[in-house]
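Given next are the chains, with one letter for each unit.
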Amino acid sequence: MEHKDIDWSNLDFSYRKTNKRYVANYKNGAWDEGALVEDDTITMSECAGVLQYAQTVFEGLKAYTTEDGRIVTFRPDLNAERLEASAKRLEMPVFPKDRFIEAVSEVVSANKEFVPPYGSGATLYIRPYMFGISPVIGVSPAEDYQFRVFSTPVGPYFKGGAKPITIKVSDFDRAAPCGTGNIKAGLNYAMSLHAIVTAHNEGYDENMYLDPGTRTKVEETGGANFLFVTKDNKIVTPKSDSILPSITRRSLVYVAKEYLGLEVTERPVYLSEVGDFAECGLCGTAAVISPVGKIVDHGKEICMASGMEAMGPVTKKLYDTLTGIQMGRIDAPEGWIHEIEC
Ligand code: PLP
Ligand code: COI
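Residues numbered from 1 in each chain as written. Chains lettered and ligands numbered in written order. Predicted model: local features only at pLDDT ≥ 70, side-chain atom pairs only at ≥ 80, totals over all residues. Heavy atoms only, no water.

## Considerations on the nonpolar core
Val-108, Met-130 and Phe-147 are the most contacted members of the largest nonpolar core, which has 37 residues in total. Of all elements in the fold, only β1 (21-27), β5 (61-65), α2 (76-89), α3 (97-110), β7 (123-132) and β8 (145-154) reach the threshold of two or more residues within this core. Counting residues per element, this core draws most heavily on α3, which supplies six residues. Listed in part, the 22 residues of the second largest apolar core include Ile-165, Val-169, Leu-210 and Ala-287. (Core = buried A, V, L, I, M, F, W, Y, C linked by side-chain atoms within 4.5 Å. Buried < 20%, exposed > 50% of the residue type's maximum accessible area, 1.4 Å probe, protein only. Helix = DSSP H or I, 4+ residues; strand = E, 2+ residues; numbered from the N terminus.)

## As for the environment of Pro-153
One can find Pro-153 in strand β8. You can call Pro-153 buried: its relative accessible area is 1%. Along the chain, Pro-153 and Val-218 lie 65 residues apart, while their C-alpha atoms are 32 Å from each other. Those residues within four positions of Pro-153 in sequence are excluded, and the remaining contacts are Ile-6, Trp-8, Leu-11, Ser-14, Arg-16, Thr-18, Phe-114, Pro-116, Thr-123 and Leu-124. (Contact = heavy atoms within 4.5 Å.)

## A word on a nonpolar patch on the surface
Together, Tyr-53, Ile-137 and Val-139 line one region of the surface with nonpolar side chains, adding up to about 350 Å² of accessible area. Its place among the elements puts Val-139 in the loop between β7 and β8. Judged by relative accessible area, which is 73%, Val-139 ranks as exposed. (Patch = residues over 30% accessible without salt bridge, like charges linked within 9 Å, V, L, I, M, F, W, Y side chains within 5 Å. Areas by Shrake-Rupley, 256 points an atom, 1.4 Å probe, with all protein chains shown as cover. Salt bridge = Lys/Arg side-chain N within 4 Å of Asp/Glu carboxyl O.)

## Remarks on unusual backbone geometry
In the Ramachandran plot, Asn-28 falls in the positive-phi region, its phi being about 50 degrees despite a non-glycine side chain. With phi around 55 degrees, Glu-91 is a residue other than glycine that occupies positive phi space. Taking relative accessible area as the criterion, Glu-91 reaches 55% and is therefore assigned exposed.

## Digging into the site of ligand 2
Neighbouring residues of ligand 2: Phe-13, Phe-58, Gly-60, Tyr-125, Arg-127, Tyr-157, Lys-184, Gly-223, Thr-285 and Ala-286. Within the side chain of Tyr-125, one N or O atom sits 2.6 Å away from an oxygen atom of ligand 2. A distance of 2.7 Å is found between an oxygen atom of ligand 2 and a side-chain nitrogen or oxygen belonging to Lys-184. For the shell around ligand 2, the residue count by class is five nonpolar, three polar and two charged. Here the shell around ligand 2 gathers at least three residues from each of two domains, domain 1 (8-154) and domain 2 (165-326). (Near = heavy atom within 4 Å. Polar contact = N/O pair within 3.5 Å; in protein donor to acceptor, adjacent residues only side chain to side chain. Nonpolar A, V, L, I, M, F, W, Y, C, P; charged D, E, K, R; others polar. Domains from an automatic or database assignment.)

## Focus: the site of ligand 1
Taken together, 17 residues surround ligand 1, and among them Tyr-189, Glu-220, Ser-246, Thr-248 and Thr-285 come closest. Thr-248 places a side-chain nitrogen or oxygen 2.5 Å from an oxygen atom of ligand 1. Protein burial of ligand 1: of its 380 Å² of free accessible surface, 97% is covered by the chains. The set of elements that each furnish at least two residues to the shell around ligand 1 consists of α5 (247-259) and β14 (279-284). Looking at side-chain class alone, the shell around ligand 1 contains five nonpolar, eight polar and four charged residues.

## Some words on the pattern of salt bridges
On inspection of all chains with the given rule, the structure shows 16 salt bridges. Between Lys-294 and Glu-301 there is a salt bridge whose closest N-O contact spans 3.5 Å. Of the charged contacts, one joins Lys-316 and Asp-320 as a salt bridge, the two residues approaching to 2.9 Å between their closest N and O atoms. You can see Lys-316 and its partner Asp-320 sitting in helix α6 (residues 313-326), four residues apart, about one turn around the helix.

## Re the domain arrangement of the protein
We note that the domain assignment places domain 1 (8-154) and domain 2 (165-326) within the protein. One C-alpha centre belongs to domain 1, the other to domain 2; they are set 25 Å apart. Taken together, the contacts link 22 residues of domain 1 with 21 residues of domain 2. Of the roughly 1700 Å² buried between domain 1 and domain 2 on both sides combined, carbon and sulfur atoms contribute 65%. When the area that domain 1 buries against domain 2 is broken down by residue, the three leading residues are Phe-58, Phe-74 and Arg-82, summing to 36%. Put simply, domain 1 and domain 2 have zero salt bridges between them. (Buried area = accessible area lost by both parts, 1.4 Å probe.)

Structure, rendered in structure tokens:
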């Protein structure tokens, strides 16, 4: 297959337009049949629900080229299920799971020359999303919706790839108790923009958000869940109702237990105990597992034992096993790998 002439190994995490995207419209209470289109622009009412009251939800997953040259996606069924949960929370219609998986597959297939080659370090990032498109002026859900899927080739989310990053404990909250932190709604990310710009201006790579109720427990970052490793090689990951149920984190928990024989505990994690861990990683589709070397809490530096030079050994094993499964080097659990027919 012909690949696009792209410097795959030097891609960063930014948008690059690809050939085709999928569009389906919800009108009069039903989804139309949907289609791939070339037009990457959207025309809508100035009063569309998404523009006035941020009625939009999204997903993120990746397509990979495997060692033996197949193109696959990773657990797209879980993205479909999470989009359903997000849509219901914002009073939006559900896009059926089988159609979601089909739309993702069609988009990858239509853009196959943008799927980075095996071993390049890059992947095709896929962004399914849905938004209220009809006019809304009183606060209420829209009547009509659009579901779209586009794709873009990407490199590492954090510059420097596997180099440990430094994050700060944010003074801002990302989510509210009983709010929308557990769904993938655009509004959660709008909430984090001022915090991330502030963190970047101060020289940090990311924010650690604390639980909005007591501000004593670790929640997540703007785009990834936390995973900690204890000094005796056990995995601990924060349990909270206001964080996104990361598909990567749930997969890593399985990999840790079933592939690596590690003990895993999901429990509240207090900021005060973070310095006791040996390793810290951020896990997500975009982040994969990005090692954290230092956490700064209002000037107090919490340095992870794994240091600032390289990923800690347990994080590295998790990373190698997960990416090995995604790239076809390691046998996957039943149903995790969805092959795209190109
Ligand atoms: N937490 C937040 C806030 C995110 O935006 C993401 C990214 O999707 C994640 C966690 C990781 O989730 P996943 O592993 O499903 O990509
Ligand atoms: C993802 O990992 O897919 C996300 O949506 C996170 C975002 C910060 C890019």
